[in-house]
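Next come the chains, spelled out residue by residue.
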Amino acid sequence: MTTTLAPAPPAAPAEKAALAPSGGLRRRLALRLLALAVLYLLWEVTARVMHNPTFIPSPGAVWDQLITTSTTHDGVRGYSGHLLIEHLGVSLRRIVIGSLIGIAGGLLIGVLLGTVGWLRVVAEPVITFVRALPPLAYFSLFIIWFGIDETPKLWLLSIAALPPVAVATAAAVHNAPTGLVEAARALGAGRWQSIRDVVLPHALPEIFTGIRLAVGVAYSSVVAAETINGVPGIGGMIRDAQRYSQTDVVVLGLFAIGLSGLLIDALLLTAENRLIPWRGRA
Amino acid sequence: MSSADAIAVSGVTHSYGDVTAVGPIDLTVPPGEFLVLVGASGCGKSTLLRLIAGFEQPTTGTVLTNGTAPVPGRGAGLVFQQPRLFPWKTVGGNIALALRYAGRPVTDERVDDLLRRVGLHDVAKRRIWQISGGQQQRVAIARALAVENPLLLLDEPFAALDALTREKLQDDLRQVSASTGRTSVFVTHSVDEAVFLGSRVVVLTPRPGTIALDLTIDLPRTGIAADELRGLPEFAALRAEVGHAIRDRVTV
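Computed from a predicted structure; not experimentally measured.

A. How the structure looks around the overall build of chain B. When helices and strands are tallied, chain B shows eight helices and nine strands. What you see for chain B is a C-alpha radius of gyration of 18 Å, in line with the 18 Å of a compact globule of 252 residues. Counting only C-alpha atoms and orienting by the principal axes, one finds that chain B spans roughly 50 × 40 × 35 Å. The proportion of buried residues among the 252 residues of chain B is 44%. Across chain B, the fraction of contacts at a sequence separation of at least 24, relative to all contacts at a separation of at least 6, is 68%.

B. Looking closely at the interface of chain B and chain A. With 20 residues of chain B in contact, the opposing surface of chain A contributes 17 residues. Ranked by residues supplied to the side of chain B that touches chain A, first place goes to helix α2 (residues 91–101) of chain B with three residues. By residue class, the composition of the side of chain B that touches chain A is 14 nonpolar, two polar and four charged.

C. Geometry of the domain arrangement of chain B. All names here are of chain B. If you check the domain split of chain B, you get domain 1 (1–75 + 151–232) and domain 2 (85–148). Taking only C-alpha atoms into account, the centre of domain 1 sits 24 Å from that of domain 2. The interface of domain 1 with domain 2 comprises ten residues on the first partner and nine residues on the second. With five residues, the single largest contributor to the side of domain 1 that touches domain 2 is helix α5 (residues 163–180). A class-by-class count of the residues in the side of domain 1 that touches domain 2 yields eight nonpolar, one polar and one charged.

D. Layout of the packing of helix α5 (residues 117–132) of chain A against helix α7 (residues 150–174) of chain A. Residues and elements named next belong to chain A. At a closest axis distance of 10 Å, the pairing of α5 and α7 adopts a crossing angle of 140 degrees. Viewed along their axes, α5 and α7 adopt a mutual orientation that is oblique. α7 is crossed by α5, and the crossing has left-handed handedness. Where α5 approaches α7, its residues Arg120, Ile127, Val130 and Arg131 are matched on the opposing element by Ile159, Pro163, Ala166, Val167 and Ala170. Along the lines of polarity and charge, the residues of the contact of α5 with α7 split into seven nonpolar, no polar and two charged.

E. Seen up close, the pairing of strand β2 (residues 19–29) of chain B. Residue and element names in this part refer to chain B. In this sheet, β2 lies alongside strand β1 (residues 7–16) in antiparallel orientation, the contact comprising seven bridges. In the strand pairing of β2, valine 12 is matched with isoleucine 25. Between β1 and β2, which pair antiparallel and follow one another directly, the connecting turn spans two residues, one of which, glycine 17, has a positive phi of 65 degrees.

F. Examining the sheet that holds strand β4 (residues 60–65) of chain B more closely. Residue and element names in this part refer to chain B. Pairing within the open sheet is antiparallel, and its three strands lie in the order β2-β1-β4. Here the strands that pair on one side only, and so sit at the sheet edges, are β2 and β4. Ignoring which end each strand starts from, the neighbouring axes of this sheet average 25 degrees apart. Two strands pair when backbone bridges link them, and β1 and β4 are joined in this way by five bridges, in the antiparallel orientation. Of the residues in β4, the one forming a bridge with serine 10 is threonine 62.

G. Representation of the packing of helix α6 (residues 135–146) of chain A against helix α9 (residues 191–225) of chain A in the model. All names here are of chain A. At a minimum axis distance of 10 Å, the contact between α6 and α9 shows a crossing angle of 50 degrees. Relative to α9, the element α6 lies oblique. α6 and α9 meet at a crossing whose hand is right-handed. Where α6 abuts α9, its residues Pro135, Leu136 and Phe139 lie against Ser221, Ala224 and Ala225.

H. Layout of the sheet that holds strand β3 (residues 34–38) of chain B. Residues and elements named next belong to chain B. Strand order across the open sheet formed by six strands is β5-β6-β7-β3-β8-β9, with mixed pairing between neighbours. Two strands lie at the open edges of the sheet, namely β5 (76–79) and β9 (211–216), each paired on one side alone. Adjacent strand axes in the sheet meet at a mean angle of 15 degrees when their direction is disregarded. Here strand β8 (residues 200–204) pairs with β9 via five bridges, running antiparallel.

I. Molecular detail of the nonpolar core. The biggest cluster of nonpolar side chains holds 136 residues, and the ones touching the most others in it are Val165 and Ala218 of chain A together with Leu37, Leu153 and Val242 of chain B. Shared between two domains, this core takes at least three residues from each, and those domains are domain 1 (1–75 + 151–232) and domain 2 (85–148) of chain B.

J. Structural context of the UniProt feature "transmembrane region" (unreviewed entry) in chain A. Residues and elements named next belong to chain A. The sites that carry the UniProt feature "transmembrane region" (unreviewed entry) are, in the present numbering, residues 29–50, 95–119, 126–148, 154–173 and 249–271. For residues 29–50, the helix share is 100%, the strand share is 0%, and the end-to-end C-alpha distance is 31 Å. The distance separating the terminal C-alpha atoms of residues 95–119 is 29 Å; by composition the span is 96% helix and 0% strand.

K. Region of the structure containing helix α8 (residues 233–247) of chain B. Residue and element names in this part refer to chain B. Here α8 contains 15 residues, and its C-alpha end-to-end distance of 21 Å stays within 8% of the 21 Å for a straight helix at 1.5 Å per residue. Along α8, the residues that are buried comprise Leu238, Val242, Ala245 and Ile246. Down the axis of α8, the buried set is contained in an arc of 100 degrees. They therefore lie on one face. Along α8, exposed side chains directed more than 90 degrees from the buried face belong to Pro233, Ala236, Ala237, Ala240 and Arg247. Among the structural elements, β3, α6 (191–197), β8 and β9 are those in contact with the buried residues of α8.

L. Examining the UniProt feature "domain: ABC transporter" (unreviewed entry) in chain B more closely. Under the feature "domain: ABC transporter" (unreviewed entry), the UniProt entry names residues 7–233 of chain B. The straight-line gap between the two end C-alpha atoms of residues 7–233 of chain B is 31 Å; of that span, 33% is helix and 26% is strand.

M. View of the confidence of the model for chain B. On average, chain B scores 86 in pLDDT, and the residues at 70 or more come to 97%. Both scores are available for the predicted complex, with the pTM at 0.77 and the ipTM at 0.84.

N. Expanded view of helix α4 (residues 133–146) of chain B. Residue and element names in this part refer to chain B. Between its first and last C-alpha atoms α4 spans 20 Å; for 14 residues at 1.5 Å apiece the expected length is 20 Å, and the two agree. Of all 14 residues in α4, eleven are buried; the element is thus mostly enclosed. The elements touched by buried residues of α4 are β5, α2, α3 (108–117), β6 (151–155) and α5. In the stretch just after α4, glutamate 148 is the one whose phi turns positive, near 50 degrees.

O. Examining the UniProt feature "domain: ABC transmembrane type-1" (unreviewed entry) in chain A more closely. What UniProt calls "domain: ABC transmembrane type-1" (unreviewed entry) maps, in this numbering, to residues 88–268 of chain A. Annotated as residues 88–268 of chain A, this span is 87% helix and 0% strand, and its ends, taken at the C-alpha atoms, are 19 Å apart.

P. Here's a closer look at the environment of tryptophan 118 of chain A. Checked against the element boundaries, tryptophan 118 of chain A lands in helix α5. Sequence separation of tryptophan 118 of chain A and leucine 213 of chain A is 95 residues, and the distance between their C-alpha atoms is 27 Å.

Calculation rules
Residues numbered from 1 in each chain as written. Chains lettered and ligands numbered in written order. Predicted model: local features only at pLDDT ≥ 70, side-chain atom pairs only at ≥ 80, totals over all residues. Helix = DSSP H or I, 4+ residues; strand = E, 2+ residues; numbered from the N terminus. Rg over C-alpha atoms; globule rule 2.2 N^0.38 Å. Buried ≥ 20, exposed ≤ 12 C-beta atoms within 10 Å, placed from the backbone. Contact = placed C-beta atoms within 7 Å. Nonpolar A, V, L, I, M, F, W, Y, C, P; charged D, E, K, R; others polar. Domains from an automatic or database assignment. Axes fitted to C-alpha atoms, helices over the stretch in contact; angles between N-to-C directions. Parallel < 35°, antiparallel > 145°, perpendicular 65-115°, else oblique. Left-handed = near helix turned anticlockwise from the far one by under 90°. Pairing = 2+ DSSP bridges. Core = buried A, V, L, I, M, F, W, Y, C linked by C-beta atoms within 7 Å. UniProt positions renumbered as here; feature names shortened; annotations may be inferred. Expected span 1.5 Å × (residues − 1). Arc of directions from axis to C-beta. pLDDT = per-residue confidence, 0-100.

Okay, structure coming up:
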C-alpha cells in the first residue's frame, strides 16, 4: 500500500536526455519549464475549485509547510522534532547504505550465477521469487528477527536493491563476448584474469543499468521501511502526517523524495558516463 | 618430425559432430618459417590454425608446438580477423595488458616501442574507437608481438580491411616478420597475399581440408620494395601455380 507513494523510477526522462541531440538543449529546457508551469497552474486551479485542503492542499500551503518544517516555530523544531532536511538526510543515509550492501551482494551473486551453470539453475527462481515480493511483505519478518531500529530497515533496502543488480550482472556475465575472452586467453589470461579484465568491464554498462534500477527500488522501499518507528525519516514524516490528515506535509514529503531521487539519478548518470566512456561504441 | 620443429602436425583430423572439417593432415614447420595456409572458404584452414593455437583439440592425431601439446596463451601469439581489442582500455592499455599477462615489465617506453614496430606513433593514449580499422589491426599485431611467444598465428587478419590499407599492412608485416624471424602461420583466401607474405605456401582442398600443394616460396625476404617484388616474373609464376591449385579443386 505504502509502495504506491513511491516516486516513479526516475530513469526514463534522464535516459531520453542522454539520447537527444545536444542542439535542442535550450528548446527542451523551455519545453520542460512550460510543462512545469502548466502543471503548477492546474494544481493551483484545482486546489481553489475543490476548496478542500485535506483532499488537495494548495501549492501555497505546501510551500508554507516547507518553511515550517525547515525552521523552529513556537519551540517546535521542524516536524516531530526534526527539520525536513534531517528527515530527508536520515532516509538518504538508509538508502545509500542499503543500496551499497544490496549492490555489493548483487554483484557477487551475479558473477557467481553468470559463471557457475548449476548455481544459476538453482538460484534463478529464488531471486525471481524475492523480486516479486513487495518489500512491505518481508519487512514483517525482519521486524520479528531484528526489532524495530535501524537493522530491519537496512535489511529491507538491501534485499530490495539486490535482485536488479544480481539479475543484470548474471545476464551480462553469462553473455560474455567469446571473441574477446578468447583474445585474452590467447594472451595468456587465466580464468580469473579474463573475468576481471574482459567479462566484468564488458558487463559494466548492463551492471550500471541494474544499479540505477536498484537505487530506484531502494528509494521506493524507504517509505515502506519507515512505516514502523520511522521518525526521523521522510517516510516516517509522511506516515505521521497521513495519520493527522496533514495533506500538505504528505505532498511536501513526496516532493522531497521525488526531487532528491531525480538528483541522485542524475549523479549516477554522470558517474556512468565518466566510468563507461565506451558505452555504445563497442 | 623432430622435437626441433616449431610445429608438428601428424595424422590430424577434426570433426564438428558428423562433419569432418580437416584432415587427415601431416605438416611440420621448422623454426623461422613464414607459412601461409591458403584455400577456399570453408576448407578448414581456420580450424587448423585453432588446432595449432590449442583452442580446438584434434579428433584424431596429434599437434605439437615446440615439442608440447599447445595450450592457448602459452607459446603462440594470435591475431584474429577482427582486431578484438578491449574498448575499456586505451590503445596503450591494450598493449600493457598483454605485457602484464606475459609477466613482462610494463613501461611506457616498452608500449611505445611495440606500437612503433607496427608503424604506429602517438596513439597510446587514444581510445580504440578513435583510430581506424587498419590501425586497430596494427595494435592487435603489436599486442600479439608483446607476448614474445616463439609462434605467431594470424587468422585472415587483413580480410576486413580496404585494399590500400591491406597492401600497406602486408608490406609492414613482411618487414616485421623478417626482423623478428619468428615462426608464423598466416591463414588467408587471397592467392596474392599468400605468395607475397609466405616463405612457404600450403594449399588446402575443400572440406575436409587436406594438403593439395606444398610450395616453398623462394623470393627475397628483405631489401626489396613491395612493388618490385610483385613485379618479378617469379612472383607471377608462383601466384599462377597457387591459383591453379586452388581453382582445380573448387567446384562451384
